[in-house]
Structure formats: C-alpha cells, structure tokens
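Residues per chain, in single letters:
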Amino acid sequence: MSVPTRCIDKNLTAALAIAGSLTLSAAGHAQDDKPVGWFFTTEFTAVWTGGNAQSNTLGLDASLRRAWENAELKILGGSVRSQSTLTTRTAVGTPQAFTVEEEETSEKTAESLYLRGRYDHQLSNKFFAFGGVDWLRNTFAGIDSRTLIAVGAGNSWVNTDQMRLKTDYSGTYTFQEDVVDNPFVKTNFPGVRATYDLWWKLTESTELSSVLIGDWNLDNTDDLRLDFTNALPIAVSSRLAFKPSLQLLWRNDPSLTEVPLFDSPGGNQSGSVTVPLQKLDSVFKIALVVKL
C-alpha cells in the first residue's frame, strides 16, 4: 500500500514543526533557569544640604557579571564620599554699626573605595569552587590599602526562582597598609574566610538580599572582621529600583589613629599618641539602581 508523497510531506512538516517548537521551548526554559551573557547594574546615591548647614554625600556602586552555564565572573566596585562645610561668622565694627564676615572651611568626613573580582565554577548542583581578589581603601577606618586574595569552595543549599542560599569557605592572604603603622602587628598575614549569601524574592517587586562575610587573621587571632550587608530593593520598573541598605563593618582589633597630646586641658601640645579607632562602622544608603 502506497502513501501519497503529499501526505508524507505534510506529516513530516508537522513533526518537524512540533520538534522545533519543543526544542525552542526547552531552550527557553533552560535559559530562564540559568540566564547566560553579560549583565551590568549601577547604583547612585546622593544627598545635599545647603543654607546654614552645608554637606554633601555622593556614592556610586557598579556590578559587572558574566554568566556561563556552569561558571560566573563578577566584578564589583564603588565609592562613598562625604564632605561638610563649616561657616564661621565674625562681626567687625561697633554695636550700632558693624559688618558680618563669613569664612567657610570644607572638610572631608568620610571616604571609602573598593574593588572586588570573583570567579565561581559549579562542580555539581550543590558544590562549587571559586577564587577572588578584594581591594579596599577606607582612611577614616585607618586602612590606606588592603588587598585580600581568597581561594576556596562552597555549597548551594537552595537555588529556586524564589530563593537562593549559598555558603562558602576559603583560605586567604592579606596585604595591608594602615594610615598609622602599628609596630606590634604584621601587615601581611594569612587568614580564613566564611560567607553566607541569601537572596529572597518577597513579592513581585520586592527582594531581600543578605550577605555576611567573616575574616579571621591567623597571625593575630584577635583580629576578627565582619561585613554584614542587608538590602531591600523595590522595583519601579524592569530597569529601575530603589534600594535601601544597611552595612555594618565590625573589627575586633581596629586600626590605630594619631591624636595630639596636651600637658593639661587647654594647655600646650607636648606631642601625640596612638589610640585604636572604634570597632563598629555603619553605612545606611538609599540608592537608585539601574539595570542594563
């Protein structure tokens, strides 16, 4: 029994169309599950005050990410700078006739810069290896330059469209230069690092991100550092979001600062001494996030 060629062509065309549709659908689902390519995000923070009190704060953060099926490269960088202006007024003349003169003095009150790079390679659904480099300058925390190299591995505990949770553990080596040298500690030292990274989609427009990084100096075991950052991005559109965040930086053995020494209150300066800075710094920001 022979089958007409036209019927075969129709059946073959339909089969190919169905197979192609299924292939495209599967590829689409795979891409949805693991988007690949380049991704760029930037955040802007700005606060100005004028009039009787003058100050300004400017912040910029950027994230560049390259994703493959089983690997990811991420580069982060940013800076925060605050400046205040103090106005000193004096009057010249008599109580009945005088002129007021003003002198403005600007002073930088906060400044920090950071740059981070990290490469992750997925070894299985639950396990990955990574290597990274962090650089930081925060002179108000006593750090002129700190470079940290980390190599380690981690676990992906949850990885869904609603939540991602992973932890990692690494060995580190740090090269540090302080604003005020501490002769009793080494500036280059080995260490260990542990991190947890949580992302949770609370609603269609609101997310929660929480990252805790703990660093322990193995040469000076009193030197324990924690970097705890929580953010709540709220989407305005597919490209824009407002992002309030709070970062807590704690160091058990902080850097030193130099302060003048007087022989008595209101007396003459007789030199200077070094004292430790505060252990905790906090940074609260509300940023405009732009996704490209």
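Please read these numbers as outputs of a predicted model, since none were measured by experiment.

A.B. asks: How do you make sense of the side chain of Gln-176 when you look at a structure like this?
C.D. replies: By secondary structure assignment, the location of Gln-176 is in strand β7 (residues 163–178). A distance of 2.9 Å separates the side chain of Gln-176 from the side chain of Asp-178, its partner in a polar contact.

A.B. asks: Got a minute to help me understand the packing of aromatic side chains in this structure?
C.D. replies: Centre distance and the angle of the planes are the two values used to describe a pair of aromatic rings. Enumeration over the complete set of coordinates arrives at 3 aromatic pairs. Seen from their ring centres, Trp-68 and Tyr-119 are 6.4 Å apart, and the 65° between their planes marks the pair as edge-to-face. Highlighted residues: Trp-68 in the loop between β2 (54–67) and β3 (71–93) and Tyr-119 in strand β4 (residues 98–122), separated in sequence by 51 residues. Summarising the aromatic geometry, the rings of Phe-128 and Phe-130 are spaced 6.4 Å apart at their centres and angled 45° between planes, so their arrangement reads as tilted. Residue classification places Phe-128 among the buried positions, given a relative accessible area of 1%. Over the aromatic face of Phe-130 sits the side chain of Arg-118, whose NZ or CZ is 3.9 Å from the ring centroid. A cation over a ring is seen here: Lys-166 above Phe-128, with NZ or CZ 5.5 Å from the ring centre.

A.B. asks: Even after reading the chapter, I still don't get the side chain of Glu-72, so can you show me in this structure?
C.D. replies: The topology assignment puts Glu-72 in strand β3. Sequence-distant contacts of Glu-72, defined by excluding residues within four places in its chain, comprise Arg-65, Arg-66, Arg-118, Tyr-119 and Asp-120.

A.B. asks: What am I meant to see in the pairing of strand β10 (residues 224–231) here?
C.D. replies: Walk down a regular strand and you will see the side chains alternate between the two sheet faces. As paired elements, strand β9 (residues 207–217) and β10 share 8 bridges and run antiparallel to each other. Paired with Gly-214 across the strands is Leu-226, a residue of β10. Here β9 hands over to β10 after 6 residues, the two strands then running antiparallel side by side. One ladder, built from 7 bridges, connects β10 with strand β12 (residues 240–251); its direction is antiparallel. What sits directly across from Leu-226, in β12, is Trp-250.

A.B. asks: So what exactly am I meant to see when it comes to the pattern of salt bridges here?
C.D. replies: Pairs can form between side chains of opposite charge whenever their charged atoms are close. Scanning all chains against the criterion turns up 15 salt bridges. Asp-120 is the partner of Lys-166 in a salt bridge, and the nearest nitrogen-oxygen pair spans 3.9 Å. Taken as a pair, Lys-166 in strand β7 and Asp-120 in strand β4 lie far apart in primary sequence, 46 residues in all. Looking at Lys-166, the relative accessible area reads 24%, which means it is partly exposed.

A.B. asks: Even after reading the chapter, I still don't get a nonpolar patch on the surface, so can you show me in this structure?
C.D. replies: Together, Phe-44, Leu-60, Val-236, Leu-240, Phe-242, Leu-246, Phe-284, Ile-286 and Leu-288 line one region of the surface with nonpolar side chains, adding up to about 830 Å² of accessible area. The set of elements that each furnish at least two residues to the nonpolar patch consists of β12 and β15 (280–291).

A.B. asks: What is the right way to look at the environment of Glu-177 in this model?
C.D. replies: Summarising the element assignment, Glu-177 is placed in strand β7. Taking C-alpha positions, Glu-177 is 6.4 Å from Thr-187, a pair spaced 10 residues apart along the chain. Not counting the four nearest positions on each side in its chain, Glu-177 is found in contact with Ile-143, Asp-144 and Ser-145.

A.B. asks: Even after reading the chapter, I still don't get the environment of Tyr-196, so can you show me in this structure?
C.D. replies: Position of Tyr-196 relative to the elements: it lies in strand β8 (residues 188–201). For Tyr-196, a relative accessible area of 26% gives the class partly exposed. Taking the C-alpha atoms as reference points, Tyr-196 and Asn-155, separated by 41 residues in sequence, lie 9.7 Å from one another. Of the polar contacts made by the side chain of Tyr-196, one reaches the side chain of Ser-210; its length is 2.7 Å.

A.B. asks: How should the pairing of β15 be read in this particular structure?
C.D. replies: Relative to β15, strand β1 (residues 37–49) runs antiparallel, the two sharing 4 bridges. Paired with Glu-43 across the two strands is Val-289, which belongs to β15. The pairing of β12 with β15 spans 11 bridges and is classified as antiparallel. Within β15, the position partnered with Gln-247 by the bridge is Val-283.

A.B. asks: Is there a simple way to explain the confidence of the model for the chain in this structure?
C.D. replies: Close reading of the predicted structure is inappropriate where its pLDDT is low. Chain-level pLDDT for the chain is 86 on average; 88% of the residues reach the 70-or-more range. In the predicted structure, residues 1–32 sits below a pLDDT of 50 and forms 1 contact with residues beyond four places in sequence or in another chain.

What counts and how
Residues numbered from 1 in each chain as written. Predicted model: local features only at pLDDT ≥ 70, side-chain atom pairs only at ≥ 80, totals over all residues. Heavy atoms only, no water. Helix = DSSP H or I, 4+ residues; strand = E, 2+ residues; numbered from the N terminus. Polar contact = N/O pair within 3.5 Å; in protein donor to acceptor, adjacent residues only side chain to side chain. Phe/Tyr/Trp six-rings, centres within 6.5 Å; stacked < 30°, edge-to-face > 60°. Buried < 20%, exposed > 50% of the residue type's maximum accessible area, 1.4 Å probe, protein only. Lys NZ or Arg CZ within 6 Å of the ring centre and 35° of its normal. Contact = heavy atoms within 4.5 Å. Pairing = 2+ DSSP bridges. Salt bridge = Lys/Arg side-chain N within 4 Å of Asp/Glu carboxyl O. Patch = residues over 30% accessible without salt bridge, like charges linked within 9 Å, V, L, I, M, F, W, Y side chains within 5 Å. Areas by Shrake-Rupley, 256 points an atom, 1.4 Å probe, with all protein chains shown as cover. pLDDT = per-residue confidence, 0-100.

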